Amino acid sequence: MKRLAIVGMPNTGKSTFFNRLTGSSSRVANWPGVTVDLLSANVVLGGNAVEVVDLPGIYDLHGFSDDEQVVRSFLENNAIDTIGVVLNATQLDHQLPLALQIRKLGIRPVILVNMIDEADQLGVRIDTGALSTALDCPVMPLSARHGTGFNDARDAITRELSAASAVSLNDLRDCLHADDELVAEAEALVSQNVKAPSRLVRKMTERIDHVLLHPVFGLPLFFLAMFLVFQAVYTLGTPLQDGVAYLLDVFRGLALEPLESMLPGNLYGFLVEGLYDGVGTVASFVPVIILFFFFMAIVEDSGYLARAAFLTDSLMAKLGLDGRGFVMILMGFGCNVPALMGTRVMRSRALRLLSMLVIPFSLCSARLQVYLFITTALFTASQAPLVLFFMYLASFAAAFLTALVFGRRLKSDEPFVLELPPYRQPALKQVLLRGWHEIAHFLRRASTFIITGVVLVWLLTHFPAGSTPGGAGTWASMLGLWMKPVLDPIGISPDMSVILLFGFVAKEIVIGALVAMTGLDGSALAGYLATQMDSIQAISFMLFILLYTPCLSTLATQLNESRSWKFAGYSLAWSLGLAWAVSFGFYQGARILGY
Amino acid sequence: MKILENLSHLRKGETALITGIHAPDSMRYRLQAMGLRTGREAEVIRRPRLGPMQIRIGSVNLIMRRCDAARVTISTQQ
């Protein structure tokens with residue numbers, strides 16, 4: 001087995017090249033010496049089985065950021081045969097020093113001069129043959145996005161791999177040459193072999209930025225764009241969600257319900273009413289998640305996210321966050337899980353942790369479902385939208401308060417310096433592939449976690465044996481009574497407390513659990529709700545739902561991404577405490593005022 | 001006495017030569033690798049009243065906060 005590592009700066013199309021080389025066969029894997037998961041894939045090149053590893057985008061091998069340390073320790077702890085260095089052809093003056101850094105390590109890399117079509121259009125001419133001679137390694141021009149020159153580049157890699165033998169790089173930092181020499185050498189190489197206009201004119205990008213980064217209209221346009229994305233996700237997603245729910249129901253009727261007479265009652269109840277219905281509830285949300293990721297991939301691919309960060313940074317700086325954090329909070333209004341994963345672009349751990357602490361307060365689509373149901377049941381048509389708006393305000397307030405409280409402890413000295421890439425038309429294949437990677441990742445994690453949660457909830461509502469399912473005497477109702485001293489002061493009845501336990505797994509289950517527990521639906525359920533809570537109790541309940549914890553998936557993602565039980569624990573404790581304090585303050589305050 | 005000028009002092013449309021970066025090693029490496037190298041010419045593309053600046057160095061466009069731009073010393077005599 002040969003091994004090829006792909007290295008390059010951010011915004012060079014490194015991942016695009018990786019995807020074109022490996023197709024959709026890539027998987028996430030752990031590596032010795034490396035604390036984050038890296039994408040890798042096995043391909044056959046010229047009769048050799050080759051493992052291709054996509055390393056994080058870095059600017060410099062010297063650096064001290066998480067990503068740079070990951071690349072360094074990967075190269076030190078894993079034997080590699082050759083390195084593919086992806087460079088952006090329009091910025092060779094800026095990027096060649098990184099290629100030289102790697103060239104001097106004693107490995108013959110293949111230098112991939114990507115985006116050659118874009119460079120062509122801008123009038124940049126690169127003599128790759130002469131560069132190849134000067135560097136004594138293959139230098140291949142290509143467009144990973146459109147495929148131009150890709151086959152030649154792959155052949156060059158294949159040739160290098162068959163000739164190379166695996167090398168381990170020890171003490172990599174000591175081998176790095178002085179920066180100044182490398183920069184001087186790169187400048188000489190560029191001036192001899194690259195002909196470029198003195199100023200690259202990107203008319204399209206400049207024109208679009210003139211509008212989208214406008215000092216007055218930039219921010220409103222940004223909010224409008226975000227609003228349209230959410231509208232699109234839900235307008236397209238809701239029918240798909242209903243479709244999946246319908247298909248799952250048809251399958252249940254045709255294939256599972258006939259099993260009822262064949263299986264022992266408890267086993268059928270567990271497998272179908274517990275496991276299948278529970279996992280099905282979550283599965284019906286997959287279309288919305290898929291759409292969300294596709295739109296996110298399009299926005300990301302176009303280059304607009306860096307602009308959004310530019311527009312919102314001054315506001316976020318006051319909270320100890322930065323522009324990228326705001327983008328992620330907004331993403332969280334769709335679903336907190338992808339938003340948490342989006343914080344990977346942040347380099348400073350403190351900044352990343354603070355962002356991950358704040359994101360779970362974003363009022364996600366699952367919580368919105370619960371609110372729509374409760375406000376319709378308990379408030380008049382004119383009150384309902386106001387209550388909903390109040391919940392959104394509370395969501396922002398909780399996020400900002402959290403940033404203010406923890407910002408001092410999670411202080412980062414990381415400079416806010418971002419590259420502003422030119423606008424590019426998103427390539428459909430890339431968007432689909434990226435979406436697919438994210439979805440596979442989501443499903444893998446969700447399946448293990450959600451199944452465990454669903455099994456637990458079913459056991460709680462069906463045992464000890466002999467008790468009425470979902471009724472008095474079950475462990476769930478005992479828990480409800482046990483939680484009474486804590487939840488009574490915030491106006492939540494024991495039955496509703498049990499619902500909160502369901503909501504801990506996923507907010508999507510809340511309404512379904514109410515249906516299952518009471519055996520009522522529609523207006524009858526609304527009537528039942530009215531016996532459980534008045535409007536003040538309802539708002540207290542909704543505030544608690546908003547803040548106490550988004551869902552097990554979010555918690556699992558926080559744990560996965562931070563790799564720290566302590567952080568996930570702190571986050572949970574803070575949100576539970578904040579939820580109780582806010583609900584207590586609201587409920588008791590309203591009662592004192594006589595409502 | 002000559003007052004040291006830095007990148008955050010430049011107005012929109014002005015250019016200057018970068019003469020140095022005053023930051024701890026780790027931050028300096030990062031800023032240099034992103035294109036802020038001594039001897040390069042930097043041009044201010046955007047400088048809104050609030051928020052970060054947009055700087056162009058050769059083929060690279062960067063957005064950076066004023067406090068970070070203040071770490072980059074420049075010379076405007078050309």
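Calculation notes
Within every chain, residues take consecutive numbers counted from 1 along the sequence as written. All chains are assigned letters beginning with A, and all ligands numbers beginning with 1, in the order in which they are written. Totals for whole chains, interfaces and linings use every residue, but because this is a predicted model, local features are given only for residues with pLDDT of at least 70 and side-chain atom pairs only at 80 or more, for both listing and counting. We count a stretch as a helix when DSSP gives it H or I for four or more residues in a row; a strand needs E for two or more, and each element gets its number in order from the N terminus. Computation of the radius of gyration draws on C-alpha atoms alone. For the globule rule, the value is 2.2 Å times the number of residues to the power 0.38. With C-beta atoms placed from the backbone, the exposure class of a residue follows from how many other C-beta atoms lie within 10 Å of its own: 20 or more, buried; 12 or fewer, exposed; in between, partly exposed. In this description, a residue-residue contact is defined by the distance between C-beta atoms placed from the backbone, which must lie within 7 Å. Pairing between strands requires that DSSP locate at least two bridges from one strand to the other. Take the buried Ala, Val, Leu, Ile, Met, Phe, Trp, Tyr and Cys residues, join any whose C-beta atoms are within 7 Å, and the set you get is a nonpolar core. Each residue gets one of three labels, nonpolar for Ala, Val, Leu, Ile, Met, Phe, Trp, Tyr, Cys and Pro, charged for Asp, Glu, Lys and Arg, and polar for the others, Gly among them. Confidence of the predictor at the level of single residues is given by pLDDT, which spans 0 to 100. In this analysis, axes come from line fits to C-alpha atoms, helices being fitted only over the stretch in contact, and the angle between any two N-to-C directions falls in the range 0 to 180 degrees. Should an angle fall under 35 degrees it is taken as roughly parallel, and over 145 as roughly antiparallel, whereas 65 to 115 is taken as roughly perpendicular and any remaining angle as oblique. Here a crossing is called left-handed whenever its near helix is offset anticlockwise from the far helix by less than a right angle, and right-handed whenever the offset is clockwise.

### Let's talk about the overall build of chain B
Piece 1. Each helix and strand in chain B was counted, giving two helices and six strands.
Piece 2. Listing the helices and strands of chain B from first to last along the sequence gives β-β-α-β-β-β-α-β.
Piece 3. The C-alpha radius of gyration of chain B comes to 11 Å, within 12% of the 12 Å expected for a compact globule of 78 residues.
Piece 4. Taking the principal axes of its C-alpha atoms as reference, chain B extends roughly 30 × 30 × 25 Å.
Piece 5. Within the span of chain B, comprising 78 residues, buried residues form 45% of the whole.
Piece 6. Sequence separation of at least 24 residues holds for 56% of the intrachain contacts in chain B that already meet a minimum separation of 6.

### Focus on the pairing of strand S3 (residues 41–46) of chain B
Residues and elements named next belong to chain B.
Piece 1. Of the pairings in the sheet, the one linking strand S2 (residues 15–21) to S3 comprises three bridges and is antiparallel in character. Bridge pairing in S3 links Ala16 to Ala42.
Piece 2. The hairpin formed by S3 and strand S4 (residues 53–57) contains six residues between the paired strands, and Gly51 there has a positive phi angle of roughly 100 degrees.

### Some details on helix H1 (residues 25–33) of chain B
Piece 1. Taken residue by residue, H1(B) has Met27(B), Tyr29(B), Arg30(B), Leu31(B), Gln32(B) and Ala33(B) as its buried positions.
Piece 2. Those residues of H1(B) that are buried lie in contact with helix H8 (179–193) and strand S10 (417–419) of chain A together with S2 of chain B.
Piece 3. Of the residues flanking the end of H1(B), it is Gly35(B), one or two places downstream, whose phi is positive at about 120 degrees.

### Description of the sheet that holds strand S6 (residues 72–75) of chain B
Piece 1. Ordered by their spatial adjacency, seven strands build an open sheet running S10(A)-S5(B)-S4(B)-S3(B)-S2(B)-S6(B)-S1(B), and the pairing between neighbours is antiparallel. The two strands at the open ends of the sheet, each matched to only one other strand, are S10 of chain A together with strand S1 (5–6) of chain B.
Piece 2. In terms of strand pairing, S3(B) meets S4(B) through four bridges, oriented antiparallel. Within the sheet, the bridge partner assigned to Glu43(B) lies in S4(B) and is Arg56(B).

### As for the environment of Val505(A)
Piece 1. Here Val505(A) lies in helix H21 (residues 494–505).
Piece 2. In the structure, Val505(A) is positioned 45 residues away from Pro550(A) in sequence and 8.5 Å away in space, judged by C-alpha atoms.

### Notes on the environment of Ile111(A)
Residue and element names in this part refer to chain A.
Piece 1. Relative to the helices and strands, Ile111 resides in strand S6 (residues 110–114).
Piece 2. A residue is classified by how many C-beta atoms lie within 10 Å of it, and Ile111, with 27 of them, is buried.
Piece 3. Separated by 58 residues in the primary sequence, Ile111 and Leu169 place their C-alpha atoms 19 Å from one another.
Piece 4. Not counting residues within four places of it along the chain, the set of residues in contact with Ile111 comprises Val85, Leu87, Ala99, Leu135, Cys137, Pro138 and Val139.

### Let's talk about the nonpolar core
Piece 1. With 160 residues, the main nonpolar core has Ile6(A), Leu87(A), Leu112(A), Val113(A) and Leu547(A) as its most contacted residues.
Piece 2. Filtering out sequence-adjacent residues up to four positions away, Leu87(A) remains in contact with Gly8(A), Thr12(A), Leu92(A), Gln95(A), Leu96(A), Ala99(A), Ile111(A), Leu112(A), Val113(A) and Asn114(A).

### Regarding the interface of chain A and chain B
Piece 1. Listed per partner, the contact involves 25 residues of chain A and 25 residues of chain B.
Piece 2. Elements with a minimum of two residues in the side of chain A that touches chain B: helix H3 (92–103), H8, helix H13 (304–317) and S10 of chain A.
Piece 3. Element by element, the count of residues in the side of chain A that touches chain B is highest for H13(A), at four residues.
Piece 4. Classifying every residue of the side of chain A that touches chain B by side-chain character gives 13 nonpolar, seven polar and five charged.

### A closer look at the confidence of the model for chain B
Residues and elements named next belong to chain B.
Piece 1. Across chain B, pLDDT averages 87, with 92% of residues at or above 70.
Piece 2. For chain B, the element scoring lowest by mean pLDDT is H1, at 82; S4 scores highest, at 94.
Piece 3. For this predicted complex, the interface confidence reaches an ipTM of 0.91, while the overall pTM sits at 0.77.

### Some words on unusual backbone geometry
Residues and elements named next belong to chain A.
Piece 1. Despite not being glycine, Asn11 shows a phi value in the positive range, around 65 degrees.
Piece 2. Among the secondary structure elements, Asn11 is positioned in the loop between strand S1 (2–8) and helix H1 (14–22).
Piece 3. Judged by the 18 C-beta atoms lying within 10 Å of it, Asn11 is partly exposed.
Piece 4. For Met115, which is not glycine, the phi torsion reads 60 degrees and is therefore positive.
Piece 5. Inspection of the secondary structure puts Met115 in the loop between S6 and helix H4 (116–121).
Piece 6. Given 28 C-beta atoms within 10 Å, Met115 falls into the buried group.

### Comments concerning the pairing of S4(B)
All names here are of chain B.
Piece 1. In this sheet, strand S5 (residues 60–64) lies alongside S4 in antiparallel orientation, the contact comprising five bridges. Across the sheet, Arg56 pairs through a bridge with Asn61, a residue of S5.
Piece 2. Linking S4 back to S5 in an antiparallel pair, the connection comprises two residues, with Gly58 at a positive phi of about 60 degrees.

### Let's talk about the packing of helix H18 (residues 383–407) of chain A against helix H24 (residues 535–547) of chain A
All names here are of chain A.
Piece 1. Interhelical geometry of H18 versus H24 gives an angle of 40 degrees and a closest axis separation of 11 Å. With respect to each other, H18 and H24 are oriented oblique. The two elements H18 and H24 meet at a crossing, and its hand is right-handed. Contacts from Val387, Met391, Ala394, Ser395 and Ala398 in H18 reach Ile539, Met542, Leu543, Leu546 and Leu547 in H24.
Piece 2. For the contact of H18 with H24, the residue count by class is nine nonpolar, one polar and no charged.

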